[in-house]
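Here is what each chain is made of, one letter per residue.
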Amino acid sequence: MSEQLLLGYIIRRGSTLDRALLLKFIQRTYEDLFPNEDFSHLEQTVKQYFSSDTPLWWVEEEGKQGAGSREQGEMGEMGEMREMGEMREMRETRRISNAPCPIPNAQFPMPNSPIACLWVGNSIDQVQGNRHAHIFILYVVPEHRRRGIGRALMRYVENWAIQRGDRQIGLQVFQSNKPALNLYNQLGYQTQSLWMVKFLSAEK
């Protein structure tokens, strides 16, 4: 089931069958920031955290939804699922295996594929002990940026979190990602903690 996100774009709920496409979008997110790195290891992240408890949404251009999925050979299961309807999808989701899926080429967008992705998990506030939503990924393909899609997705997930009873929503962002930082600051997000790392050397 889909609904309008903003003029010209619709948003629809994904399923656990979208594992390979989600992986593609996560890889593109990191490749934008670190273009010379290999992110094949992110398959393990998807395998570990993606489930029916971590909701996924896709944004597509209005009038073009679904076509790209049927054209993607790597996504045969997903395309077949959409053709057979939502009831079949619900049944298939219960028995989806954890076997790795082929990874589409992350360098090139596929025709009529989703143009944005939002994947959300759960976290626990270590001070209050409350469960809250945590944004794993919000990604808009470059050709559709600066059209308000990212902002609309943030509003969408905030409303979703409020409706399910969450009192806060969290995310992580690289300091070098200035556009994302600007958006989150404008929407009222505040730094609560700092993620600190130290690179270790085996040399004594």
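Residues numbered from 1 in each chain as written. Predicted model: local features only at pLDDT ≥ 70, side-chain atom pairs only at ≥ 80, totals over all residues. Heavy atoms only, no water.

Per an unreviewed UniProt entry, the protein goes by the name GCN5-related N-acetyltransferase and belongs to Nostoc commune NIES-4072.

(A) Region of the structure containing the pairing of strand β2 (residues 9-13). Here β2 lies mainly inside the structure; four of its five residues are buried. The pairing of strand β1 (residues 2-6) with β2 spans four bridges and is antiparallel. Opposite Gln 4, over in β2, you have Ile 10 as the bridge partner. Between β1 and β2, which pair antiparallel in sequence order, lie two residues; one of them, Gly 8, sits at a positive phi of approximately 95 degrees. (Buried < 20%, exposed > 50% of the residue type's maximum accessible area, 1.4 Å probe, protein only. Helix = DSSP H or I, 4+ residues; strand = E, 2+ residues; numbered from the N terminus. Pairing = 2+ DSSP bridges.)

(B) Focus on the packing of aromatic side chains. For the structure shown, the criterion picks out 11 aromatic pairs. Aromatic pair Phe 25 and Trp 58: ring centres 5.2 Å apart, planes at 65 degrees, arrangement edge-to-face. Residue Phe 25 is located in helix α1 (residues 19-33), and its partner Trp 58 is located in strand β3 (residues 56-61); the two are separated by 33 residues in the primary sequence. Residue Phe 25 is classed as buried on the basis of its relative accessible area, which comes to 0%. Among the aromatic side chains, those forming a connected cluster through ring pairs are Tyr 30, Phe 34, Phe 39 and Phe 174. (Phe/Tyr/Trp six-rings, centres within 6.5 Å; stacked < 30°, edge-to-face > 60°.)

(C) Main features of the packing of helix α6 (residues 149-163) against helix α7 (residues 178-186). At their nearest, the axes of α6 and α7 sit 11 Å apart, and the two run at 45 degrees to each other. Classified by the angle between their axes, α6 and α7 sit oblique to one another. Crossing of α6 over α7 shows right-handed handedness. Residue-level contacts link Gly 150, Arg 151 and Met 154 of α6 to Leu 183, Tyr 184 and Gln 186 of α7. Its residues assigned to classes, the contact of α6 with α7 comprises three nonpolar, two polar and one charged. (Axes fitted to C-alpha atoms, helices over the stretch in contact; angles between N-to-C directions. Parallel < 35°, antiparallel > 145°, perpendicular 65-115°, else oblique. Left-handed = near helix turned anticlockwise from the far one by under 90°. Contact = heavy atoms within 4.5 Å. Nonpolar A, V, L, I, M, F, W, Y, C, P; charged D, E, K, R; others polar.)

(D) Spotlight on the nonpolar core. Counting 42 residues, the largest nonpolar core has Leu 22, Val 59, Ile 149 and Leu 153 as the members making the most contacts within it. Counting only elements with at least two residues in this core, the list comes to β2, α1, α2 (42-49), β3, β4 (116-124), β5 (131-140), α6 and α7. Ranked by the residues each element gives to this core, the list is headed by α6, at seven residues. (Core = buried A, V, L, I, M, F, W, Y, C linked by side-chain atoms within 4.5 Å.)

(E) Geometry of the pattern of salt bridges. Within the structure shown, the criterion is met by five salt bridges. Of the charged contacts, one joins Asp 166 and Arg 131 as a salt bridge, the two residues approaching to 2.5 Å between their closest N and O atoms. Here the residue Asp 166 occupies a position in the loop between α6 and β6 (169-171), and Arg 131 occupies one in strand β5, the gap between them amounting to 35 residues. For Asp 166, a relative accessible area of 8% corresponds to the buried category. A salt bridge links Arg 164 to Asp 166; its shortest N-O distance comes to 2.8 Å. Looking at Arg 164, the relative accessible area reads 28%, which means it is partly exposed. Within the structure, one salt-bridge network assembled from shared partners comprises Arg 131, Arg 164 and Asp 166. (Salt bridge = Lys/Arg side-chain N within 4 Å of Asp/Glu carboxyl O.)

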